[in-house]
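These are the residues of each chain, in order.
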Number of protein chains: 4
Amino acid sequence: MKTKDRIVTAALLLFNEQGESNVTTNHIAAHLGISPGNLYYHFRNKNDIIHRIFLQYSDHLRKSFTPTTGAANASPAVWFHYLDAIFYVMWEFRFFYANLNDILHRDQELHLQYLAVQQELTVNLQALLREMTSQKVLAIPDEEIEPLTEVLRMLVSFWISYQSAQSLTPHISQAVLYQGVARVLLLLKPYFHPDKGLELATLMAHYQVLGSVPGDPFHK
Amino acid sequence: MKTKDRIVTAALLLFNEQGESNVTTNHIAAHLGISPGNLYYHFRNKNDIIHRIFLQYSDHLRKSFTPTTGAANASPAVWFHYLDAIFYVMWEFRFFYANLNDILHRDQELHLQYLAVQQELTVNLQALLREMTSQKVLAIPDEEIEPLTEVLRMLVSFWISYQSAQSLTPHISQAVLYQGVARVLLLLKPYFHPDKGLELATLMAHYQVLGSVPGDPFHK
Amino acid sequence: MKTKDRIVTAALLLFNEQGESNVTTNHIAAHLGISPGNLYYHFRNKNDIIHRIFLQYSDHLRKSFTPTTGAANASPAVWFHYLDAIFYVMWEFRFFYANLNDILHRDQELHLQYLAVQQELTVNLQALLREMTSQKVLAIPDEEIEPLTEVLRMLVSFWISYQSAQSLTPHISQAVLYQGVARVLLLLKPYFHPDKGLELATLMAHYQVLGSVPGDPFHK
Amino acid sequence: MKTKDRIVTAALLLFNEQGESNVTTNHIAAHLGISPGNLYYHFRNKNDIIHRIFLQYSDHLRKSFTPTTGAANASPAVWFHYLDAIFYVMWEFRFFYANLNDILHRDQELHLQYLAVQQELTVNLQALLREMTSQKVLAIPDEEIEPLTEVLRMLVSFWISYQSAQSLTPHISQAVLYQGVARVLLLLKPYFHPDKGLELATLMAHYQVLGSVPGDPFHK
DNA sequence: CATGAATGAGTCTTCATTCAT
DNA sequence: GATGAATGAAGACTCATTCAT
């Protein structure tokens with residue numbers, strides 16, 4: 001692996017473990033056993049590293065949330081796909097969610113890119129909900145689509161922050177993130193078509209189980 | 001007003017205006033025209049000031065969310081009271097919501113107090129929802145009370161952070177907070193008893209108007 | 001002596017001895033046995049210190065070059081005064097002359113102040129030459145007053161740089177500065193009225209002697 | 001053109017444009033599209049490049065200021081030649097004049113070469129003035145030849161620095177350099193033989209025109 | 001109560017230079 | 001000849017906190 005990639009990987013690891021603000025460029029360099037100068041050879045500054053990580057993040061988002069049309073959206077398999085994708089991004093880039101505002105307000109360029117990605121997501125999510133409504137999976141009044149997508153985005157974006165505030169340690173476990181995924185379903189539950197009760201129950205059960213792993217295997 | 005109180009007031013003002021992390025103890029002292037030493041005579045450290053602010057915060061919360069029992073909970077006046085109280089606390093202590101995790105994870109004692117208050121709130125909120133359900137205002141299945149309160153708490157706790165992330169400036173307007181209050185209603189809407197449609201519509205209209213002040217009078 | 005003044009004095013000393021660019025804020029602090037933080041308590045940054053020194057510099061200039069009118073300007077005593085003042089400022093702030101452009105182009109505010117002082121000086125110097133011309137001491141054609149003042153200003157401003165370039169060590173001695181003063185007289189010599197030959201010769205002899213001290217007593 | 005020469009050419013260009021201290025070895029390499037390692041293959045270090053530029057500089061000087069003997073020195077054509085040569089060297093190596101002391105005191109070997117060239121120049125210049133005096137073009141008392149050559153050298157060596165200090169931008173235009181050439185004539189004017197008034201006036205007019213180009217064509 | 005000077009560890013960043021390939 | 005990754009010492013500056021008066 002190239003040094004440049006090793007830096008990104010190490011930064012992501014340390015950011016996720018210790019919080020972005022507690023990880024200095026010197027920490028990252030020391031962690032890799034390279035000199036600070038070398039790190040600055042590959043990246044102009046710390047924000048530049050975060051930029052690179054953000055690219056990975058938005059790539060994942062774009063790949064995972066390309067909307068499908070038609071009957072596919074009536075299949076639980078597709079629903080699993082989306083919910084798993086939510087979980088994956090939340091976990092892999094949890095430092096980003098945990099320090100969203102610090103990071104965005106320090107770097108306007110990144111903030112603009114973030115807003116662009118959010119805008120795409122909003123459009124896709126609304127299309128998805130409308131499609132599911134027309135597939136008779138959901139029954140969401142048209143005027144509620146918009147506020148609902150907003151609440152859903154907010155839930156996903158700040159679930160980690162919320163959970164971090166609920167716990168004395170800033171670390172979050174995968175289980176806690178699965179609980180967040182389950183909450184997404186909870187918010188949609190009132191709108192689910194009665195016919196789909198069984199499928200919905202299966203989905204919810206799935207993520208509730210994942211969300212209740214007693215001993216978190218990832219952090220002691 | 002005593003110096004000690006003036007410090008708390010000034011700190012709250014500056015924190016809300018500029019963000020807690022951007023306000024140093026020297027800023028606060030300079031703002032009041034006192035010496036940093038004097039500030040440290042009254043408070044052991046910066047966290048100690050935040051502690052005092054937090055006391056005001058939790059006092060407000062406790063006063064405002066004491067649950068009522070019986071028919072009172074069927075009255076829109078009471079609902080207004082709660083929603084206005086939510087708004088008030090969000091606005092008055094917005095710096096706290098904007099930097100929740102930074103503040104909590106730096107100071108375990110404060111964090112414990114925060115969790116205690118949240119626990120009280122959770123109990124009260126659940127009682128309120130149950131009471132409203134028994135008053136035939138809402139119809140929330142018992143097993144959904146718990147997750148719903150959690151989502152509501154989360155919505156209120158991170159609405160400011162969410163909105164800050166959506167905007168290029170970290171400043172928050174009152175209008176934006178009223179939109180958050182309106183979202184609380186939105187989440188409850190599916191559970192409202194059909195009979196209460198009119199009252200609900202009035203409530204929602206009220207906060208939507210407040211949330212859509214075109215020119216924000218607080219920040220240009 | 002207050003710490004703030006001690007910092008200015010130490011900075012001036014070290015700047016003059018080692019060159020402004022070779023003296024860091026940490027050097028200054030270490031030289032005084034104070035912490036870097038303390039230095040930054042008294043001054044916002046390194047330029048701020050230079051600013052303060054520049055104030056002393058321009059104060060001296062303004063005090064020393066207030067022009068006199070009338071017969072006084074025909075007296076050798078007054079000429080000595082001006083030439084000694086030139087020497088004093090060159091010596092006391094030699095670091096400034098030695099690094100003029102680096103310092104000015106790094107700090108626009110200082111640069112503007114510098115230009116303002118230079119403008120004053122130009123006006124005063126031109127008035128002086130005209131006065132001496134009308135007192136029959138000099139005979140400078142009116143159209144040459146302007147370019148001549150410019151050359152004189154330039155000579156004084158860059159004499160130190162010039163001499164530094166001529167020597168393998170960057171240090172300059174007082175003798176070398178006196179040679180600069182003598183050069184000022186040299187440039188004016190062609191314009192001196194024949195009647196004043198004796199006075200001029202005395203003046204020149206005075207500064208030539210000072211400029212030829214064999215062993216420089218100030219630097220080994 | 002060989003890489004080694006391309007490096008020298010690029011370095012000179014960038015130094016003149018941006019100032020020697022603002023141009024890193026990496027800048028030069030990047031400007032040429034070569035690697036820093038390659039640059040260091042051809043030159044031991046940054047000073048080594050400056051060394052090479054200095055060779056060009058001194059070659060020009062030596063070629064241009066070889067003194068002529070006899071009647072040739074009474075011809076305005078020769079005077080033009082010398083003054084144009086002064087201009088050419090000032091313009092082509094302006095970075096060197098702008099940072100003379102930084103460059104010399106960093107590199108003793110270069111400094112020694114510089115002093116040697118200056119010594120040659122001094123000898124040649126004095127010979128020239130003496131020759132012109134014996135050709136009845138100038139009338140300089142023998143004891144003033146020496147100090148006058150020194151002032152002239154100083155004027156030429158620091159005219160750029162002086163002008164840079166007078167302007168808020170560090171950039172220098174050709175017009176400004178022509179003004180410097182005109183100042184050389186100004187300093188000699190008092191010594192010019194009355195018979196040569198016409199020729200002198202022509203010369204001065206020539207360089208004054210060049211020195212007063214309104215819109216500087218080289219920098220916007 | 002109050003002053004304000006002082007501390008010092010820590011942060012990001014730069015750049016001439018080296019070296020294995 | 002050339003690449004480009006790597007080094008490391010150094011610099012300016014910040015800020016919560018302490019302490020003598």
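A quick note: this is a predicted structure, and the numbers were derived from the prediction, not measured.

Asker: Is there a simple way to think about the overall build of chain A in this case?
Answerer: When its secondary structure is counted, chain A shows eleven helices and zero strands. Counting helices and strands in the order they occur from the N terminus, chain A gives α-α-α-α-α-α-α-α-α-α-α. Over its C-alpha trace chain A gives a radius of gyration of 19 Å, about what one expects of a compact globule, namely 17 Å for 220 residues. Burial statistics for chain A: of 220 residues in total, 51% are counted as buried. Here the analysis covers contacts within chain A between residues at least 6 apart in sequence; of these, 68% occur between residues at least 24 apart. For chain A, the centre of its 17 positive side-chain charges and the centre of its 20 negative side-chain charges are spaced 7 Å apart.

Asker: Whenever I open this one, the protein's contact with DNA strand F confuses me. Can you help?
Answerer: Surrounding DNA strand F, one finds 27 residues, the nearest of these being Ser-35, Asn-38 and Tyr-41 of chain A together with Gly-37 and Asn-38 of chain D. Near-protein atoms of DNA strand F (within 4 Å) split between backbone and bases, with sugar and phosphate holding 67%. Every element with two or more residues in the surface near DNA strand F is listed here: α3 (36-42) of chain A, α3 (36-42) of chain B, α3 (36-42) of chain C together with α3 (36-42) of chain D. Looking at side-chain class alone, the surface near DNA strand F contains six nonpolar, 18 polar and three charged residues.

Asker: Explain the relation of the copies chain B and chain A to me, please; I cannot follow it from the model alone.
Answerer: Relating one copy of the chain to the other requires a rotation about an axis plus a shift along that axis. Screw-axis analysis of chain B against chain A gives a translation of 0.0 Å along the axis, an RMSD of 0.2 Å, and a rotation angle of 179 degrees. Overall, the copies show the geometry of a two-fold rotation axis. Both copies contact each other with a shared surface, as 100% of the interface residues of chain B are interface residues in chain A too.

Asker: Any chance you could explain the interface of chain B and chain A here in plain terms?
Answerer: Many structure descriptions define interface size as the accessible area lost when the parts assemble. Every contact between the two is made by 37 residues of chain B and, on the other side, 37 residues of chain A. Contact with chain A buries area across many residues of chain B, yet Met-154, Tyr-162 and Leu-168 of chain B alone supply 20% of it, more than any other trio. At the junction of chain B and chain A, the tally comes to four salt bridges. Where Arg-183 of chain B meets Glu-150 of chain A, a salt bridge forms, and the shortest distance between an N and an O atom there is 2.1 Å. Between the two partners, chain B and chain A, sit 22 residue pairs in polar contact (both at pLDDT 80 or more). Looking at the side of chain B that touches chain A, the elements that each hand over two or more residues are α7 (100-106), α8 (108-134), α9 (142-166) and α10 (174-188) of chain B. For the side of chain B that touches chain A, the element with the highest residue contribution is α9 of chain B, accounting for 16 residues.

Asker: Got a minute to help me understand the interface of chain C and chain D in this structure?
Answerer: If you look at the interface, chain C gives 37 residues, while chain D gives 37 residues. In total, chain C and chain D occlude about 3,300 Å² of area from one another, counting both sides; carbon and sulfur atoms represent 61% of this. When residues of chain C are sorted by the area they lose upon contact with chain D, Met-154, Tyr-162 and Leu-168 of chain C head the list and together hold 21% of the total. At the surface where chain C touches chain D, the tally comes to four salt bridges. Of the charged contacts, one joins Glu-144 of chain D and Lys-189 of chain C as a salt bridge, the two residues approaching to 2.5 Å between their closest N and O atoms. Counting only elements with at least two residues in the side of chain C that touches chain D, the list comes to α7 (100-106), α8 (108-134), α9 (142-166) and α10 (174-188) of chain C.

Asker: Looking at this model, I keep getting lost on the arrangement of the chains. Mind explaining?
Answerer: Spatially, chain A is disjoint from chain C: no contact exists, and the shortest C-alpha separation is 21 Å. Without any contact between them, chain A and chain D keep their closest C-alpha atoms 11 Å apart.

Asker: Please clarify how the protein's contact with DNA strand E should be interpreted in this entry.
Answerer: For DNA strand E, the set of nearby residues contains 28 residues, the closest of which are Thr-24 and Tyr-40 of chain A, Gly-37 of chain B together with Asn-38 and Tyr-41 of chain C. Of everything in DNA strand E that lies within 4 Å of the protein, sugar and phosphate atoms constitute 65%. Between a phosphate oxygen of DNA strand E and a side-chain N or O atom of His-42 of chain C, the distance comes to 2.8 Å. In this structure, Thr-25 of chain D approaches DNA strand E through a main-chain N or O atom, which is 3.1 Å from a phosphate oxygen. Secondary structure elements with two or more residues in the surface near DNA strand E: α2 (25-32) and α3 of chain A, α3 of chain B, α3 of chain C together with α3 of chain D. Taken together, the residues that form the surface near DNA strand E break down as seven nonpolar, 19 polar and two charged.

Asker: Please clarify how the domain arrangement of chain A should be interpreted in this entry.
Answerer: All names here are of chain A. Examined at the domain level, chain A breaks down into domain 1 (1-43) and domain 2 (50-210). Distance from the C-alpha centre of domain 1 to the C-alpha centre of domain 2: 29 Å. With both sides pooled, the region where domain 1 packs onto domain 2 buries about 990 Å², and carbon together with sulfur makes up 59% of that total. Sorting the residues of domain 1 by area buried against domain 2 places Leu-12, Asn-16 and Glu-20 first, and these three jointly supply 54% of that buried surface. There are one salt bridge connecting domain 1 and domain 2. Here Glu-20 and Arg-106 are joined by a salt bridge, their closest N and O atoms 2.9 Å apart. Inspection of the domain 1/domain 2 interface yields five residue pairs in polar contact (both at pLDDT 80 or more).

Asker: I would appreciate a short explanation of the packing of helix α8 (residues 108-134) of chain A against α9 of chain B in the present structure.
Answerer: In a pair of packed helices, the angle between the axes and the distance between the axes together describe the arrangement. Here α8 of chain A crosses α9 of chain B at 105 degrees, and the two axes come no closer than 9 Å. As summarised for this structure, α8 of chain A and α9 of chain B are arranged roughly perpendicular, according to the angle between their axes. For the pair formed by α8 of chain A and α9 of chain B, the contact residues are His-111, Tyr-114 and Leu-115 of chain A on the first element and Ser-164, Ala-165 and Gln-166 of chain B on the second. The residue inventory of the contact of α8 of chain A with α9 of chain B, partitioned by class, reads three nonpolar, three polar and no charged.

Scoring rules and cut-offs
Residues numbered from 1 in each chain as written. Chains lettered and ligands numbered in written order. Predicted model: local features only at pLDDT ≥ 70, side-chain atom pairs only at ≥ 80, totals over all residues. Heavy atoms only, no water. Helix = DSSP H or I, 4+ residues; strand = E, 2+ residues; numbered from the N terminus. Rg over C-alpha atoms; globule rule 2.2 N^0.38 Å. Buried < 20%, exposed > 50% of the residue type's maximum accessible area, 1.4 Å probe, protein only. Contact = heavy atoms within 4.5 Å. Lys, Arg positive; Asp, Glu negative; His and termini not counted. Charge placed at Lys NZ, Arg CZ, Asp CG, Glu CD. Near = heavy atom within 4 Å. Nonpolar A, V, L, I, M, F, W, Y, C, P; charged D, E, K, R; others polar. Least-squares fit on C-alpha atoms with pLDDT ≥ 70 in both. Buried area = accessible area lost by both parts, 1.4 Å probe. Salt bridge = Lys/Arg side-chain N within 4 Å of Asp/Glu carboxyl O. Polar contact = N/O pair within 3.5 Å; in protein donor to acceptor, adjacent residues only side chain to side chain. Domains from an automatic or database assignment. Axes fitted to C-alpha atoms, helices over the stretch in contact; angles between N-to-C directions. Parallel < 35°, antiparallel > 145°, perpendicular 65-115°, else oblique.

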